[in-house]
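# Chain and residue survey
Residues per chain, in single letters:
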Amino acid sequence: MSRAVTEPFIHVRALRKTYRKGDRQFLAISDATFDVAAGELVALVGPSGCGKTTLLKILAGLQGYDSGEARIGSASHPFDPSRDVGMVFQQALLLKWRRILQNVLLPAEILGLPMAESRARARELLAMVGLSGSEDKYPYELSGGMQQRAAIARALIHDPKLILMDEPFGALDALTREKMNLELLNIWKKSGKTIVFVTHGIAEAVFLGTRVVVLTAGPARMADNIKIDLPEPRVLDVKTTEAFGEYSRRIYHLLGLG
Amino acid sequence: MSVESISAAETKRASERLRKYLPGILSHAALIVVWYLFVTYGHIPSFVMPSPVATVATLGGKNYDWIGNALVTASEIFSGYLLAVVVGVILAIAFSWSRTTESAVMPLLVSLNMIPKVALGPLFIVWFSYGIFPNAIIAFSISFFPILLNTARGFREVEPELLELVRSLKSSKWQTFTKIQLPSAFPYIFSGMKIGAILAVAGALVGEFLGSSRGLGYLMLQVQVTLDTAALFMAVILITFIGVVLYGLVIGLERLMIVRDARIQ
Ligand SMILES: Nc1ncnc2c1ncn2[C@@H]1O[C@H](COP(=O)(O)OP(=O)(O)O)[C@@H](O)[C@H]1O
Ligand SMILES: [Mg+2]
């Protein structure tokens, strides 16, 4: 089975989005085109304000667009927009008044999933993200990194096909961030989900992505869509390789930093 | 864990609690002692400042119907306050559901709130005569607005990304309200309720001063004429006590309902 003949899971063509404020228009995305196969981890990289969050919101069905196409799902991987999206933001956004287990269960409650099963699944997911024993704690009792792990477990609870992550580790310190990167790869491998990961870290994008979509700033447009061929499974050592440096350089150039 | 160690832990907790509250208790006691010494050794005439002993003695003295009057004042405060909480929170919810309602009603309320509530006293007496009702309404009118404002702010300040998260799951309006918006607003509701509680006490008292036939405020006006200053002191203490009870109930409810981290200090 080759990728060329497989229908893509996410199909974005000539996507254009403007925000309107009164009679002023703001071009957020001028022309984005890329495909994502099911099970890929795509990194979306670009400077602040280039439309990354907007693109995620369009994929999440939270935002409309002016023209072009943004389609998710294929014959082999049908997609239900109401229950196949899991979201993780820069802030963990846990509900302060709920214990961690109850926080993870929120999407299951909203979707009306059977509670006993969901509770068992929530415990498994918390174990997977390394939070066994924190089920009954409140968010304020956890560190920033631990809160973000809980947010990832919450994004997985309803077993969505697509995980959208908007700079999920951007608020963490560098070491925690490296650790979370490794764990994310682990979770991705185990769950087989399709992940769209927004970041403005070039090294993070190359390290995580099977593919890196590069967006440039003003006027916002898509610069390139790079397939990353680095040895799997990715380990931190890969960052010191020639190939890793080459990919990073290419992206720096695309962003006008090289 | 053995029985001994449980009771040891309890003793430890009790002594920790004592250590936490002891300074506060002592400062209250010290104030009373200073008051007593000042009046006794400063040779202050009792119609200017009665001693603590004389003040408490008024409870058993003349036929002032302390309990009856205190109950009248307390019911004015509590009923006016409760009405303010209910109306304030419901209006704030209505505003959060309909921005049009908010943009129409809010400016009107801001204007109405500019009316000095004291000025309403004589009018309420014309409309409702003397009694608990007009004073409860004054307590309501003065404590309602901060409760509304704080609650409305609580609904406005819900994290927008949190709303997007549940919107991406196509949550119903009711789910969003009960699971996200209302609990997010709770700390703000309590912060408004705490301000409102203090104002409600002042409101009811002002109402009684302006015109009433019962209540601690009414009693104060009576004993002021006869220069029974000890009874004036006692009335102030009882009104304060009613306020403390109300405030304590609000704080207790807040502790029950809101996780420590989410409380607004
Ligand atoms: N709700 C909005 N209304 C108007 N302009 C917006 C809105 N959201 C984003 N923008 C603008 O669109 C552009 C892209 O924003 P965003 O997608 O948040 O970029 P990024 O996530 O890459 O930093 C920015 O210039 C931003 O100011
Ligand atoms: Mg963004």
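Calculation notes
- Residues numbered from 1 in each chain as written.
- Chains lettered and ligands numbered in written order.
- Predicted model: local features only at pLDDT ≥ 70, side-chain atom pairs only at ≥ 80, totals over all residues.
- Heavy atoms only, no water.
- pLDDT = per-residue confidence, 0-100.
- Near = heavy atom within 4 Å.
- Polar contact = N/O pair within 3.5 Å; in protein donor to acceptor, adjacent residues only side chain to side chain.
- Areas by Shrake-Rupley, 256 points an atom, 1.4 Å probe, with all protein chains shown as cover.
- Helix = DSSP H or I, 4+ residues; strand = E, 2+ residues; numbered from the N terminus.
- Nonpolar A, V, L, I, M, F, W, Y, C, P; charged D, E, K, R; others polar.
- Pairing = 2+ DSSP bridges.
- Axes fitted to C-alpha atoms, helices over the stretch in contact; angles between N-to-C directions.
- Contact = heavy atoms within 4.5 Å.
- Domains from an automatic or database assignment.
- Buried area = accessible area lost by both parts, 1.4 Å probe.
- Salt bridge = Lys/Arg side-chain N within 4 Å of Asp/Glu carboxyl O.
- Phe/Tyr/Trp six-rings, centres within 6.5 Å; stacked < 30°, edge-to-face > 60°.
- Buried < 20%, exposed > 50% of the residue type's maximum accessible area, 1.4 Å probe, protein only.
- Lys NZ or Arg CZ within 6 Å of the ring centre and 35° of its normal.

Per-residue confidence for chain B gives a mean pLDDT of 91, with 96% of residues at or over 70. Both confidence scores are given for the complex: pTM 0.84, ipTM 0.86.

All names here are of chain A. In the region of ligand 1, the neighbouring residues are Tyr19, Lys21, Phe26, Ala28, Pro47, Ser48, Gly49, Cys50, Gly51, Lys52, Thr53 and Thr54. The backbone of cysteine 50 places a nitrogen or oxygen atom 3.2 Å from an oxygen atom of ligand 1. In the complex, 68% of the free accessible area of ligand 1, which totals 560 Å², lies under the protein chains. Among the elements of the structure, β1 (10-21), β2 (24-36) and α1 (52-59) are those that each provide at least two residues to the shell around ligand 1. For the shell around ligand 1, the leading source of residues is α1, giving three residues. The class makeup of the residues in the shell around ligand 1 is five nonpolar, five polar and two charged.

This part covers the sheet that holds strand β5 (residues 85-88) of chain A. All names here are of chain A. As summarised here, the arrangement of the six strands in space is β5-β6-β7-β3-β8-β9, forming an open sheet in which the pairing is mixed. Of all strands in the sheet, those with a lone pairing partner are β5 and β9 (221-227), marking the two edges. Taking each pair of neighbouring strands and ignoring which way they run, the sheet shows an average axis angle of 15°. Pairing of strand β3 (residues 41-45) with strand β8 (residues 211-216) involves four bridges; the strand directions are parallel. Looking at the pairing, leucine 44 lines up with valine 213 of β8.

So, on to the side chain of A:Arg234. All names here are of chain A. Within the secondary structure layout, arginine 234 lies in the loop between β9 and α7 (242-254). Polar contacts involving the side chain of arginine 234 include one to the main-chain carbonyl oxygen of phenylalanine 207, which spans 2.7 Å. Side-chain polar atoms of arginine 234 contact the side chain of glutamate 232, separated by 3.5 Å. Discounting chain neighbours no more than four positions away, the residues touching arginine 234 are Leu182, Leu185, Val206, Phe207, Leu208, Gly209, Thr210 and Ile228.

Before going further, it helps to spend a moment on the domain arrangement of chain B. Partitioning chain B into structural domains gives domain 1 (1-43) and domain 2 (56-262). The distance between the C-alpha centroids of domain 1 of chain B and domain 2 of chain B comes to 31 Å.

Opposite the 20 residues of chain B that make contact, chain A presents 22 residues. Around 2200 Å² of area is buried between chain B and chain A when both sides are counted, 69% of it from carbon and sulfur atoms. Residue A:Lys57 is joined to B:Glu164 by a salt bridge in which the shortest nitrogen-to-oxygen separation is 3.2 Å. The interface formed by chain B and chain A includes three residue pairs in polar contact (both at pLDDT 80 or more). Within the residue set of the side of chain B that touches chain A, elements represented by two or more residues are α7 (160-167) and α8 (173-210) of chain B. In terms of residue count, α7(B) provides more of the side of chain B that touches chain A than any other element does, six residues in total.

Further remarks concern the packing of aromatic side chains. One pass over the structure, following the stated rule, counts 14 aromatic pairs over all chains. Ring centres 5.8 Å apart and planes at 55° place the aromatic pair A:Phe169 and A:Phe197 in the tilted group. Of this pair, A:Phe169 sits in the loop between β6 (162-166) and α5 (174-191) while A:Phe197 sits in strand β7 (residues 194-199), and the two are 28 residues apart along the sequence. There is no split in this pair, since A:Phe169 and A:Phe197 are both buried. Within the aromatic cluster, the residues linked to one another by ring pairs are B:Trp97, B:Phe155, B:Trp174 and B:Phe177. In this structure, A:Lys17 packs its charged tip against the face of A:Tyr19, placed 4.9 Å from the ring centre. Sitting above the plane of the A:Phe207 ring, A:Lys239 keeps its charged end 5.0 Å from the centroid.

So, about the pairing of β3(A). Residues and elements named next belong to chain A. With five of its five residues buried, β3 lies for the most part within the structure. Burial of β3 is two-sided: the residues Leu41, Ala43 and Val45 facing one way and the residues Val42 and Leu44 facing the other way are all buried. Bridge analysis of β3 against β7 gives five bridges, and the strand direction is parallel. By the bridge assignment, leucine 41 is partnered in β7 with isoleucine 195.

This part covers the pattern of salt bridges. Under the counting rule described, the total for this entry stands at 22 salt bridges over all chains. Note that A:Arg13 and A:Asp35 form a salt bridge whose closest N and O atoms lie 3.4 Å from each other. Of the two residues, A:Arg13 sits in strand β1 while A:Asp35 sits in strand β2, which places them 22 residues apart along the sequence. Salt bridges sharing common partners tie together A:Arg98, A:Glu109 and B:Lys179.

The peptide bond linking A:Glu232 to A:Pro233 adopts the cis configuration, its omega dihedral lying at -10°. Among the structural elements, A:Pro233 can be located in the loop between β9 and α7. The residue B:His43 is not glycine, and still its phi comes out positive at about 50°.

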